[in-house]
Amino acid sequence: MDFLKFFNKDNGTSKNVAKERLKLVLVHDRTNCSPHFLDMVKGDIIKVISDYIEVDEDGLDIKITKTKRDIDDTLVPALVANIPIKKMKDKRNA
Amino acid sequence: MGEVIVITSGKGGVGKTTTTANLGTGLSQLGYKVAVIDADIGLRNLDVVMGLENRIVYDLVDVVEGVCRLKQALIKDKRYEGLYLLPAAQTKDKNAVSPEQIQKLCHDLKEMFDYVLVDCPAGIEQGFKNAIAGADRSIVVTTPEISAVRDADRIIGLLEAAELNDPLLIINRIKIDMVKRGDMMNIEDMIDILAIDLLGVVPDDESIVIATNKGEPAVTDKTSVAGQAYRNIAQRITGEKVPFVNMESNEGFVSRLRKILGFAK
């Protein structure tokens, strides 16, 4: 185990924890968006989608992150929602 | 016509005043005429860091209000040729001056000096707006801590919004041992996150505390590593290309091997 730890010493270090936390907090600072705002968005998304799909609400993850824009590769803020599907609802029978 | 450079950080206690004192002294030792301005009205400290606290007669607010002439308020540092301090008022508050007044003051100082360094107060309110009002360039000081880098990011945004583009970064108080252990963010990490150009890195150094105790900037101490870092930064400000000292260079064979083999990121 020590041998593996030796080669991977960068991953679990406190500076990496700091860096990840910092990146996350800066995404929110820069877009001026509060956790409460995200909760509201999350609630509304669930409301809309659950008409069509049964989703796993506990596993739903929504966040603001950065992504490369297709046209020129510059980093832009993006809203990313990861919504695990439990099962599709058949709208015709509804 | 000289140049006005504001030294800012957002967060308090990261070393703005120490940086201003050292860069001002460093630039004067390179033969330039330098004025350092304490823009932290009500909480003046640049005077004690520079060891000039006993020579204050007039201050910045007196100049702005027309109580005295600019030349009367400038304190000449007798130890270093060409170095002058314009102290902040201690009894007034930051609303005693306006951005327009500071702009005018900076303009007048530019006529007399090669470099005018403005020590900005912490925060993003009136004091900050005053301090950046007359600046041509800006320097952002941070330390390798989440709180300081976060505030630096905010300040960079505000500087750019005020059309003070391309601020330069000074990373202060870095502890090489902790960086090597992976317990402190390294230079690359911070540049990566803040996305601005690096002006210099100042290692954490006890000689800064000793120098501040005595009121003699560490930049004049040839044995101080932080002093050397400030001398390098002063030279870079004048446009000289001084290579960055690779502080992580004395790494062991295994660590280098890991890099060669591509195990390190």
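Everything in this summary refers to the structure shown in the same document.

1. Thoughts on the overall build of chain B
Line of reasoning, step 1. Of the regular secondary structure elements, chain B holds 12 helices and 8 strands.
Line of reasoning, step 2. By the compact-globule yardstick of 18 Å for 265 residues, chain B fits well, its C-alpha radius of gyration being 19 Å.
Line of reasoning, step 3. Principal-axis analysis of the C-alpha atoms places the extent of chain B at approximately 65 × 40 × 30 Å.
Line of reasoning, step 4. For chain B, the residues scored as buried account for 54% of the 265 residues in total.
Line of reasoning, step 5. For chain B, long-range pairs separated by at least 24 residues make up 75% of all intrachain contacts whose partners lie at least 6 apart in sequence.

2. A look at the overall build of chain A
Line of reasoning, step 1. Along the backbone of chain A there are 3 helices and 4 strands.
Line of reasoning, step 2. Each helix (α) and strand (β) of chain A, taken in turn from the N terminus, gives the series α-α-α-β-β-β-β.
Line of reasoning, step 3. Looking at chain A as a whole, 18% of its 94 residues are labelled buried.
Line of reasoning, step 4. Contacts in chain A between residues far apart in sequence, at least 24 positions, make up 47% of those at least 6 positions apart.
Line of reasoning, step 5. Only carbon and sulfur atoms are counted for the fraction: they give 55% of the accessible area of chain A, which is about 7,200 Å².

3. Considering the nonpolar core
Residues and elements named next belong to chain B.
Line of reasoning, step 1. Of all hydrophobic cores here, the largest spans 55 residues; its most connected members are Val 6, Leu 60, Leu 86, Leu 109, Val 118, Ile 171 and Ile 174.
Line of reasoning, step 2. The leading source of residues in this core is helix α7 (residues 146–161), at 5 residues.
Line of reasoning, step 3. Excluding residues that lie within four positions of it along the chain, Val 118 makes contacts with Val 4, Ile 5, Val 6, Ile 7, Ile 37, Ala 39, Cys 106 and Ala 131.
Line of reasoning, step 4. By size, the runner-up hydrophobic cluster in this structure holds 36 residues, among which are Val 36, Leu 52, Ile 208 and Ala 229.

4. Section: the packing of helix α2 (residues 14–31) of chain A against helix α9 (residues 187–194) of chain B
Line of reasoning, step 1. In the contact formed by α2 of chain A and α9 of chain B, the axes pass within 11 Å of each other and the chain directions differ by 10°. Comparing the axis directions of α2 of chain A and α9 of chain B gives the class roughly parallel. Of the two elements, α2 of chain A crosses α9 of chain B, and the hand of that crossing is right-handed. Taking contact as the criterion, the partners of Lys 15, Lys 19, Leu 22, Lys 23, Leu 26 and Arg 30 of chain A in α2 of chain A are, on α9 of chain B, Asp 189, Asp 192 and Ile 193 of chain B.

5. Description of the packing of aromatic side chains
All names here are of chain B.
Line of reasoning, step 1. Scanning the entire structure with this criterion turns up 2 aromatic pairs over all chains.
Line of reasoning, step 2. Both rings, one in Tyr 32 and one in Tyr 115, keep their centres 5.2 Å apart while their planes meet at 80°; by these two values the pair is edge-to-face. Note that Tyr 32 is positioned in the loop between α1 (16–29) and β2 (34–38) and Tyr 115 in strand β5 (residues 115–119), a separation of 83 residues in sequence.
Line of reasoning, step 3. Since its relative accessible area comes to 27%, Tyr 32 is described here as partly exposed.
Line of reasoning, step 4. Judged by relative accessible area, Tyr 115 falls into the buried class, the value being 8%.
Line of reasoning, step 5. Residue placement shows Lys 33 over the ring face of Phe 113; its charged tip is 5.1 Å from the ring centre.

6. Observations regarding the sheet that holds β2 of chain B
Residues and elements named next belong to chain B.
Line of reasoning, step 1. Strand order in the open sheet made by the 8 strands is β3-β4-β2-β5-β1-β6-β7-β8, with mixed pairing throughout. Two strands lie at the open edges of the sheet, namely β3 (75–76) and β8 (197–203), each paired on one side alone.
Line of reasoning, step 2. Relative to strand β7 (residues 168–174), strand β6 (residues 137–142) is paired through 4 bridges, and the arrangement is parallel. Its bridge partner being in β7, Ile 139 is matched across the sheet by Leu 168.
Line of reasoning, step 3. α7 contacts β1 (3–8) and β6 of the sheet and is inclined by roughly 165° relative to β6.
Line of reasoning, step 4. Of the strands in this sheet, β6, β7 and β8 are in contact with α9, which crosses β7 at around 145°.

7. Details of the side chain of Thr 18 of chain B
Line of reasoning, step 1. Mapped onto the fold, Thr 18 of chain B is located in helix α1.
Line of reasoning, step 2. In this view, Thr 18 of chain B contacts Val 49, Ile 208 and Tyr 230 of chain B; residues no more than four positions away in its chain are not counted.

Conventions used here
- Residues numbered from 1 in each chain as written.
- Chains lettered and ligands numbered in written order.
- Predicted model: local features only at pLDDT ≥ 70, side-chain atom pairs only at ≥ 80, totals over all residues.
- Heavy atoms only, no water.
- Helix = DSSP H or I, 4+ residues; strand = E, 2+ residues; numbered from the N terminus.
- Rg over C-alpha atoms; globule rule 2.2 N^0.38 Å.
- Buried < 20%, exposed > 50% of the residue type's maximum accessible area, 1.4 Å probe, protein only.
- Contact = heavy atoms within 4.5 Å.
- Areas by Shrake-Rupley, 256 points an atom, 1.4 Å probe, with all protein chains shown as cover.
- Core = buried A, V, L, I, M, F, W, Y, C linked by side-chain atoms within 4.5 Å.
- Axes fitted to C-alpha atoms, helices over the stretch in contact; angles between N-to-C directions.
- Parallel < 35°, antiparallel > 145°, perpendicular 65-115°, else oblique.
- Left-handed = near helix turned anticlockwise from the far one by under 90°.
- Phe/Tyr/Trp six-rings, centres within 6.5 Å; stacked < 30°, edge-to-face > 60°.
- Lys NZ or Arg CZ within 6 Å of the ring centre and 35° of its normal.
- Pairing = 2+ DSSP bridges.

By themselves, these figures tell us nothing about what the structure is for.
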